[in-house]
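Descriptive analysis of the structure
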Number of protein chains: 2
Amino acid sequence: MNVGIRPALAPRKTIDDVAELAGVSIKTVSRVMNSEPGVRPETRLKVQQAIAELHYKPSLPARSLAGKRSNLIGLIYDNPSANYVFDVQNGAIARCREADLRLFIQSCNGLGESLIDEVLALVEQTHVDGLVIAPPLSADRVLIEALDARHVRFVRIAPGEGDHPSPAVTMDDREAAREMTAFLIGLGHRRIGFVTGHPDHLSSRQRSDGYADALREAGIDRDAQPIEQGYNDIATGSEAGLRMLDLAEPPTAIFASNDDMAAGVIRAAHERGVDVPSRLSVAGFDDSQIAGIVWPTLTTIHQPTADMANEAARLLIDLLKGKETAPVTELAYTLIKRGSTAPAP
Amino acid sequence: MNVGIRPALAPRKTIDDVAELAGVSIKTVSRVMNSEPGVRPETRLKVQQAIAELHYKPSLPARSLAGKRSNLIGLIYDNPSANYVFDVQNGAIARCREADLRLFIQSCNGLGESLIDEVLALVEQTHVDGLVIAPPLSADRVLIEALDARHVRFVRIAPGEGDHPSPAVTMDDREAAREMTAFLIGLGHRRIGFVTGHPDHLSSRQRSDGYADALREAGIDRDAQPIEQGYNDIATGSEAGLRMLDLAEPPTAIFASNDDMAAGVIRAAHERGVDVPSRLSVAGFDDSQIAGIVWPTLTTIHQPTADMANEAARLLIDLLKGKETAPVTELAYTLIKRGSTAPAP
DNA sequence: CTGTTATTTGACAACGCTGTCATCTAGCAA
DNA sequence: TTGCTAGATGACAGCGTTGTCAAATAACAG
């Protein structure tokens, strides 16, 4: 290691260097960088060439200190699912790259009480222009109100039924669940179990309602169906599956409120020696990575996570530019048919 | 939306407010914030109280503009595995939180040619003090050299066999693979298949070598064992598994160079009606999330991904403080015994 | 006490950019 | 040509910190 005796870093290129090379004032360079009007096309060109020639990159800290904007937006979440977080990050990143903004990613996992302070500190310290808030943080009333009180701009992803006027990107969980249930009914299933999602998640209720909608439409008695509570993980899904399979009259299909629980149901079927899908069809929700991993692969609802994050970032960027934005943008889901479902026996 | 007519944000608290409340100059406040010596304990206390009372948070941009440090470090990766990335992020985040630094997470997924430019732009624009580089970027010679040329400080995670003198955090893949193979041999297996990892990953060769080491030690002829090439994903793992199971004399155990491929092998066993683990033991490597998802759950090597990232961040922070650091830190792996392995039939 | 030296503190100029406002130039009508 | 205006450009003062260095104070020896 020769770190200690390394020469100093090459001096950073500043706006002055560009100005000198282009033969204009730094203010004009600044105008060009910010696409401001009032620069003659030929001047603009000169400056752009100088920027390119020097490989000049403006200093983010200097810009945020001097100006009203920081060209930085934050993404916050408090989510233990690696796949979900990964998708959200990538969606938001893609949009920011297009808009030439930087994304400051902040995991709030396991922060508990100090959550609000952390988020406010993030906003204060980094000067982010706005926030994209992923679930379940997007449904956190206290947080949302705190941000609102400080006049922080934000866009929420899948905030559930909240009535807050800030823009949000959502998906129609209820309708998707209805469609999946209808699909199972279309396969001839008449006895269809349901594994309920975590009661704290707003989407759980919506999915449950969609399931009920489809049964009603088909004239099937919902109260005669086996319904078990799960908590969005494999273990509780598996337990719920076992309980249903051990019934005197087990269902021929089970719809779980998310993929992890559906995977648990498949495992339960393995344990009981029940073949999927010939004797039991299983459907999930989310199209998370696990849907393609389990055997057989899972029929599920594709939730456009990355697209939702991308759209949320777009809305935020528009909002920051002062554009009027729709309060709620709803994105389309897709029913993905894979190996875990088949016609009723 | 009433964004347009919202009142201005509450004025940000500045160092001046703190100075005034504490009855000292801003420079003294600055000293206290940076834990600089030469402040009387009683003065320090006064200032700290003022900071607490006002909930004052120093402006990151202002600090990085004025000072030599930005209190920001970057984490870069180019990795398609959500689980791996998630662990790396969390490990690094935890350390940064302790050190009161911010972490700037930058995904370089799918950047190709422009990778170097992107990373250099990140460094230039954000003024990060240093970089934590996760694999496979950590093995990218061109990138490493480019960063070196600019005298950017960095620490690499699992850089493979590179001979660069910068600090790195590694794990002994070869020894871990040897141990896993020895474990299978200890269970009585004498015919042990191996699914090779992606040839571009340096760790693949090391794991393969460890497998060979154990066979040699046990006096088992390596060349008589079925060895199939995989590409670190479920599909190729599954194909490799099928080929081995269709042999006239199939192996009683299969060791795959990573968990995804091991999951593929298990799927292949399901397809062929071969019970795991009674008729076939399967072992993986990584202890990624999938290891706990497949059925039966996977015996594997726990790679301390989060710990490695945490340690890498620690090394970087030390490096930035000017402390001398060991060039390579090796972290311990753990052999995790789960349901996919059993004594040879 | 006084002089001298360490310790503690503060004044002030950066840092690299943007916002404001004044100045300059070109274009056009008279 | 002159006068006027709109458009283009630049001078300069910050933004909220830290670095430098000088000033003030405390500590100590003689």
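Residues numbered from 1 in each chain as written. Chains lettered and ligands numbered in written order. Predicted model: local features only at pLDDT ≥ 70, side-chain atom pairs only at ≥ 80, totals over all residues. Heavy atoms only, no water.

A few points about the overall build of chain A
Helix and strand content of chain A: 13 helices and twelve strands. Its C-alpha radius of gyration of 26 Å places chain A more than 25% over the 20 Å reference for a compact globule of 345 residues. Expressed as lengths along the three principal axes of its C-alpha atoms, the size of chain A is roughly 85 × 50 × 40 Å. Sequence separation of 24 or more characterises 71% of the internal contacts of chain A that already satisfy a separation of 6 or more. Taken together, the 36 basic and 46 acidic charged side chains of chain A have centroids lying 8 Å from each other. (Helix = DSSP H or I, 4+ residues; strand = E, 2+ residues; numbered from the N terminus. Rg over C-alpha atoms; globule rule 2.2 N^0.38 Å. Contact = heavy atoms within 4.5 Å. Lys, Arg positive; Asp, Glu negative; His and termini not counted. Charge placed at Lys NZ, Arg CZ, Asp CG, Glu CD.)

So, the interface of chain A and chain B
The parts lose accessible area when they come together, and the size of an interface is often stated as this lost area. The partner chain B presents 66 residues to the 66 residues of chain A that form the contact. Summing the contributions of chain A and of chain B, the shared interface buries around 5700 Å²; its carbon and sulfur component is 56%. Applying the counting criterion to the chain A and chain B interface returns 18 residue pairs in polar contact (both at pLDDT 80 or more). Those elements that place two or more of their residues in the side of chain A that touches chain B are helix H4 (60–66), strand E1 (72–77), helix H5 (82–99), strand E2 (102–107), helix H6 (115–126), helix H11 (259–272) and helix H12 (290–293) of chain A. If you tally residues by element for the side of chain A that touches chain B, the top one is H5(A), at eight residues. (Buried area = accessible area lost by both parts, 1.4 Å probe. Polar contact = N/O pair within 3.5 Å; in protein donor to acceptor, adjacent residues only side chain to side chain.)

Regarding the relation of the copies chain A and chain B
For the pair chain A and chain B, the superposition axis carries a translation of 0.0 Å, the fit reaches an RMSD of 0.2 Å, and the rotation angle comes to 180 degrees. The superposition of one copy onto the other is thereby described by a two-fold rotation axis. For chain A, the smallest separation between a C-alpha atom and the rotation axis is recorded for Pro61(A), amounting to 2.1 Å. Mapped onto chain B, 100% of the interface residues of chain A are again interface residues, and the two copies thus contact each other with one and the same surface. (Least-squares fit on C-alpha atoms with pLDDT ≥ 70 in both.)

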